[in-house]
Amino acid sequence: MSGDQPSTINHQQSANHPKSKIENRKSVARWVLISHAPEETAALGTALAALLQPGDVVALSGDLGAGKTTLVQGLARGLGITQPVTSPTFILINEYRSTPPLYHVDCYRLVDAPAEAWAIGLDELLYDDGICVIEWADRLRSLLPAERLDVILIWIGPHERLVEIVGRGARYAVLVHALSSCGSSAPQGIPGNSQVTG
């Protein structure tokens, strides 16, 4: 494969992985903010990309049209991916070449999400050295690692979205604090109008 073209990933079932699924409730940070436009949601993704590391998992939830793919497009831009990023609704997983690679997963069409996700090899991506971003992650909550970044997007107006970002685990709690501090000093378009708890 050449350049940063996406590829469809189809893995076989894998063995258990070493990451713990036990959540340390003391290490949770939450940031709630309002995005006033799709450009702000994308800019939030771009700012997030600067803080992500190989092996990170970002679990996105929200209704159709809430901005999940828009956030991923901004994140991809922040990782230096120049090609168009679209939701892999029918192919389930796109891999975008970057350093680290970006795995973009869409669970919307999965009927038995946990079983089907396991069958297509999502468990391997969750513990890979790439960044794994999952749309409709609420459909397979039981498979997600306890330590992850949850992003929930909620409609509150034609262009406005309530965005709740929850860092689960010490590394992700620190990430939420760092991302929230970008709010007032980040590039134009980053919404920064609330406080972090936790």
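These lines cover the structure that appears in this document, whether it is placed above or below. (Residues numbered from 1 in each chain as written. Predicted model: local features only at pLDDT ≥ 70, side-chain atom pairs only at ≥ 80, totals over all residues. Heavy atoms only, no water.)

### Thoughts on the overall build of the protein
On a plain count of helices and strands, the protein comes out with five helices and nine strands. Listed by position from the N terminus, the elements making up the protein come as β-β-α-β-α-β-β-α-α-β-β-β-α-β. Out of the 198 residues belonging to the protein, those deemed buried represent 53%. Put simply, the protein shows about 9200 Å² of open surface, and 54% of that area lies on carbon and sulfur atoms. (Helix = DSSP H or I, 4+ residues; strand = E, 2+ residues; numbered from the N terminus. Buried < 20%, exposed > 50% of the residue type's maximum accessible area, 1.4 Å probe, protein only. Areas by Shrake-Rupley, 256 points an atom, 1.4 Å probe, with all protein chains shown as cover.)

### Description of unusual backbone geometry
Omega for the bond connecting Thr99 with Pro100 falls within 30 degrees of zero, at -5 degrees, which places this linkage in the cis form. Within the fold, Pro100 resides in the loop between strand E4 (93-96) and strand E5 (102-106).

### Side note on the packing of aromatic side chains
Evaluated as defined, the whole model comprises zero aromatic pairs. A cation sits over an aromatic face here: Arg161 above Trp155, 3.6 Å from the ring centre. When the ring centre of Tyr172 is taken as origin, the NZ or CZ atom of Arg171, which lies over that ring, is 5.5 Å away. (Phe/Tyr/Trp six-rings, centres within 6.5 Å; stacked < 30°, edge-to-face > 60°. Lys NZ or Arg CZ within 6 Å of the ring centre and 35° of its normal.)

### Observations regarding the pattern of salt bridges
Throughout the structure, instances matching the rule amount to five salt bridges. We note a salt bridge from Arg148 to Asp150, for which the minimum N-O separation is 2.7 Å. What makes Asp150 buried here is its relative accessible area of 3%. Arg168 is the partner of Asp150 in a salt bridge, and the nearest nitrogen-oxygen pair spans 2.6 Å. On the criterion of sequence distance, the pair formed by Asp150 in strand E7 (residues 148-155) and Arg168 in strand E8 (residues 161-168) is long-range, its members being 18 residues apart. The exposure class of Arg168 is buried, given its relative accessible area of 17%. Here the salt bridges share partners, and the residues they tie into one network are Arg141, Arg148, Asp150 and Arg168. (Salt bridge = Lys/Arg side-chain N within 4 Å of Asp/Glu carboxyl O.)

### Topic: the packing of helix H1 (residues 38-49) against helix H2 (residues 68-78)
Where H1 contacts H2, the two axes come as close as 6 Å, and the packing angle between them is 45 degrees. Our classification of the angle between H1 and H2 gives oblique. Note on packing geometry: the crossing formed by H1 with H2 is right-handed. Across the interface between the two elements, Pro38, Thr41, Ala42, Leu44, Gly45, Thr46, Leu48 and Ala49 of H1 pack against Thr70, Leu71, Gly74, Leu75, Arg77 and Gly78 of H2. A per-class count over the contact of H1 with H2 returns seven nonpolar, six polar and one charged. (Axes fitted to C-alpha atoms, helices over the stretch in contact; angles between N-to-C directions. Parallel < 35°, antiparallel > 145°, perpendicular 65-115°, else oblique. Left-handed = near helix turned anticlockwise from the far one by under 90°. Contact = heavy atoms within 4.5 Å. Nonpolar A, V, L, I, M, F, W, Y, C, P; charged D, E, K, R; others polar.)

### A word on the pairing of strand E3 (residues 57-62)
In the case of a regular strand, side chains alternate between the two sheet surfaces. Judged by how many residues are buried, E3 sits mostly within the fold: six of six residues are covered. Burial along E3 is two-sided: Val57, Ala59 and Ser61 facing one way and Val58, Leu60 and Gly62 facing the other are all buried. Sheet topology note: the E3/strand E6 (residues 131-135) ladder contains four bridges and is parallel. Considered in E6, the bridge of Val58 is made with Val133. The sheet contact formed by E3 and E7 spans five bridges and is parallel. (Pairing = 2+ DSSP bridges.)

### Here's the deal with the side chain of Asp150
Here the side chain of Asp150 touches Arg148 through a polar contact of 2.7 Å, side chain to side chain. Those residues in contact with Asp150, other than ones at most four positions away along the chain, are Ala59, Arg141, Glu164, Ile165, Val166 and Arg168. (Polar contact = N/O pair within 3.5 Å; in protein donor to acceptor, adjacent residues only side chain to side chain.)

### Digging into the pairing of E7
Strand direction decides the pairing type here: E7 and E8, joined by eight bridges, are antiparallel. Residue pairing for E8: Leu153 is matched across the bridge by Val163. Where E7 hands over to E8, the hairpin turn is made up of five residues, counted between the paired strands.

Shape is all these values report; function is a separate question.
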